[in-house]
Amino acid sequence: MSVKHSGLKTFLCIVAVTAFFLVGCSPKAVRTDRPQAVESAVAYEAQGVEAYGKGDADGALRSFIEALRLNRSIDNRRGEAADLINISRAELALGMTLEAKGHAEEAISAANDAGDGKNMSEAYSTLSMAKYALKDYDGALKGIEDSLAIDGHVGYKSGSKLNLKGLILMESGRIGAEDAFKDALEANRRANDKTEEANSLRALGEIYATGKPEEALESFKGAYEIDAAAGDPGKIALDLESMAVLHRQAGRTDEALKIFERAYKVSLNSGLYEDALESIDAMIGIYEGLNERETAERYMRIRDGVKKQDEGR
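Being a predicted model, the structure only gives us computed values, none of them experimental. (Residues numbered from 1 in each chain as written. Predicted model: local features only at pLDDT ≥ 70, side-chain atom pairs only at ≥ 80, totals over all residues. Heavy atoms only, no water.)

(A) Local environment of unusual backbone geometry. Positive phi, normally seen in glycine, also occurs at Asp75, with a value near 55 degrees. Take Asp75: its relative accessible area is 58%, and that puts it in the exposed class. Backbone geometry places Asn192, a non-glycine residue, at a positive phi of 55 degrees. Residue classification places Asn192 among the exposed positions, given a relative accessible area of 58%. (Buried < 20%, exposed > 50% of the residue type's maximum accessible area, 1.4 Å probe, protein only.)

This is the structure we're talking about:
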């Protein structure tokens, strides 16, 4: 059993974290002499942000679409670009990858017309996300490089975008992923972005797992501490399982068993049944290897119970 690749989980986090900074303008900044359509669009954008934050990507998408309609009704290209980016990211969260790609491309055009460098950068990074999801790694890398170049002109460095660059490089087998994640880690720590810091650490752990197991273990421990403080069950379980795998590979069987046990309980009690089953299977394999048949059979019964829970959902 190898360290589980967390690229998709990290990618989804990038979508969630960055989507909220893209509303056309702040409600506090709306002047009374602005068109009513702008004020209404801002209200819908705020609704979309709130829905997205609660995990309601469908509701967010509906709100962003209405905001887009209003901004287009008065040819507000800057607001249109922001709405298209938010629409694209909500679609990515919903698995609507081709639609997301198309809306990101529209956002680039709108931001260009508006002379809006910030939204242009965000549009390119969103297009990169969509192409990453479509496994168009050449296109994804170009998109994130374009985004980072725009940010670089104003002296800004985004840790989440560097994480995405690292993922693209790692997933496509290119060189440079480690450096990208190190740069991302530095930027995230400087910005006190704990979620993205954990993503950087987890990704570095995956890279170090082959050849630098102790460095990998420290990286996963760092990610675990952040994820545990945030209370994110999926990432907590992933961090624990990754650490358990490394302990098992190093021959620290007792420690591996303890951590696999913790991982399966976190997954089970948060409804992540497939992840729970993977950890239980790992434990069964270890106990069978130790010729502790009775204990292995006990976990086989536990596994059967988890499978029934999963089937009964």
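Moving on, there is more to tell.
(B) Looking closely at the confidence of the model for the chain. Across the chain, pLDDT averages 90, with 89% of residues at or above 70. When the criterion is pLDDT under 50, residues 23-30 qualifies, and its contacts beyond four places in sequence or with other chains add up to 19 contacts. (pLDDT = per-residue confidence, 0-100. Contact = heavy atoms within 4.5 Å.)

(C) Representation of the pattern of salt bridges within the structure. For the structure shown, the criterion picks out 26 salt bridges. Note that Arg77 and Glu80 form a salt bridge whose closest N and O atoms lie 3.0 Å from each other. Here Arg77 pairs with Glu80, and both are found in helix H4 (residues 77-93), just 3 residues apart, close to one helical turn. Among the residues examined, Glu80 registers a relative accessible area of 6% and is labelled buried. Put simply, Arg72, Arg77, Glu80, Glu106 and Asp113 are held in one network by salt bridges that share partners. (Salt bridge = Lys/Arg side-chain N within 4 Å of Asp/Glu carboxyl O. Helix = DSSP H or I, 4+ residues; strand = E, 2+ residues; numbered from the N terminus.)

(D) Up close: helix H13 (residues 253-269). Across its 17 residues, H13 extends 24 Å between first and last C-alpha, which sits within 8% of the 24 Å expected from 1.5 Å per residue. By the burial criterion, the buried members of H13 are Ala256, Leu257, Ile259, Phe260, Glu261, Ala263, Tyr264, Ser267 and Leu268. Here the buried face of H13 lies against helix H12 (233-249), helix H14 (273-289) and helix H15 (293-311). One or two positions beyond H13, positive phi appears at Gly271, with a value near 80 degrees. (Expected span 1.5 Å × (residues − 1).)

(E) Quick look at the packing of H4 against helix H6 (residues 117-133). Close contact between H4 and H6 brings their axes to 10 Å; oriented N to C, the two are set at 20 degrees. Considered as vectors, H4 and H6 are oriented roughly parallel to each other. In terms of crossing hand, the pair formed by H4 and H6 is left-handed. Together, Arg78, Ala81, Ala82, Ile85, Ser88, Arg89 and Leu92 of H4 and Asn119, Glu122, Ala123, Ser125, Thr126, Met129 and Ala130 of H6 make up the contact between the two elements. Here the contact of H4 with H6 is built from residues that sort into 7 nonpolar, 4 polar and 3 charged. (Axes fitted to C-alpha atoms, helices over the stretch in contact; angles between N-to-C directions. Parallel < 35°, antiparallel > 145°, perpendicular 65-115°, else oblique. Left-handed = near helix turned anticlockwise from the far one by under 90°. Nonpolar A, V, L, I, M, F, W, Y, C, P; charged D, E, K, R; others polar.)

(F) Seen up close, the nonpolar core. Ile168, Phe260, Met283, Tyr299 and Val306 are the most contacted members of the largest nonpolar core, which totals 58 residues. When residues in this core are grouped by element, the largest group, 9 residues, is from H14. If we skip the residues at most four places from it in the chain, Ile168 touches Ser128, Tyr132, Tyr137, Ala140, Leu141 and Ile144. Counting residues in hydrophobic clusters, the runner-up holds 19 residues, among them Ala51, Leu84, Ile108 and Met120. (Core = buried A, V, L, I, M, F, W, Y, C linked by side-chain atoms within 4.5 Å.)

(G) A look at helix H8 (residues 159-171). Counted at 1.5 Å a residue, the expected span for H8 with its 13 residues is 18 Å, and the 18 Å between its end C-alpha atoms agrees. For H8, the buried fraction is high: 11 of the 13 residues fall into the buried class. Where H8 is concerned, the buried positions are Gly159, Ser160, Lys161, Leu162, Asn163, Leu164, Lys165, Gly166, Leu167, Ile168 and Leu169.

(H) Structural context of the environment of Ser125. On the secondary structure map, Ser125 appears in helix H6. On the basis of relative accessible area, Ser125 is assigned to the buried category, the value being 1%. For the pair formed by Ser125 and Glu145, sequence separation is 20 residues and the distance between their alpha carbons is 8.4 Å. Residues within four places of Ser125 in sequence aside, it is in contact with Arg89, Gly143, Ile144, Ser147, Lys161 and Leu164.

(I) Here's a closer look at the packing of aromatic side chains. Applying the stated criterion across every chain, the model contains 2 aromatic pairs. Aromatic side chains Tyr287 and Tyr299 sit 5.7 Å apart centroid to centroid with 10 degrees between the ring planes, which places their arrangement in the stacked category. Residue Tyr287 is found in helix H14, and its partner Tyr299 is found in helix H15; the two are separated by 12 residues along the sequence. Exposure remark for Tyr299: the relative accessible area of 4% places this residue in the buried category. (Phe/Tyr/Trp six-rings, centres within 6.5 Å; stacked < 30°, edge-to-face > 60°.)

(J) Structural detail: the side chain of His247. Within the secondary structure layout, His247 lies in helix H12. When its relative accessible area of 8% is taken as the criterion, His247 is described as buried. In terms of polar contacts, His247 uses its side chain to reach the side chain of Arg252, at 2.8 Å. Other than its neighbours up to four places away in sequence, His247 contacts Leu217, Arg252, Glu255, Ala256 and Ile259. (Polar contact = N/O pair within 3.5 Å; in protein donor to acceptor, adjacent residues only side chain to side chain.)

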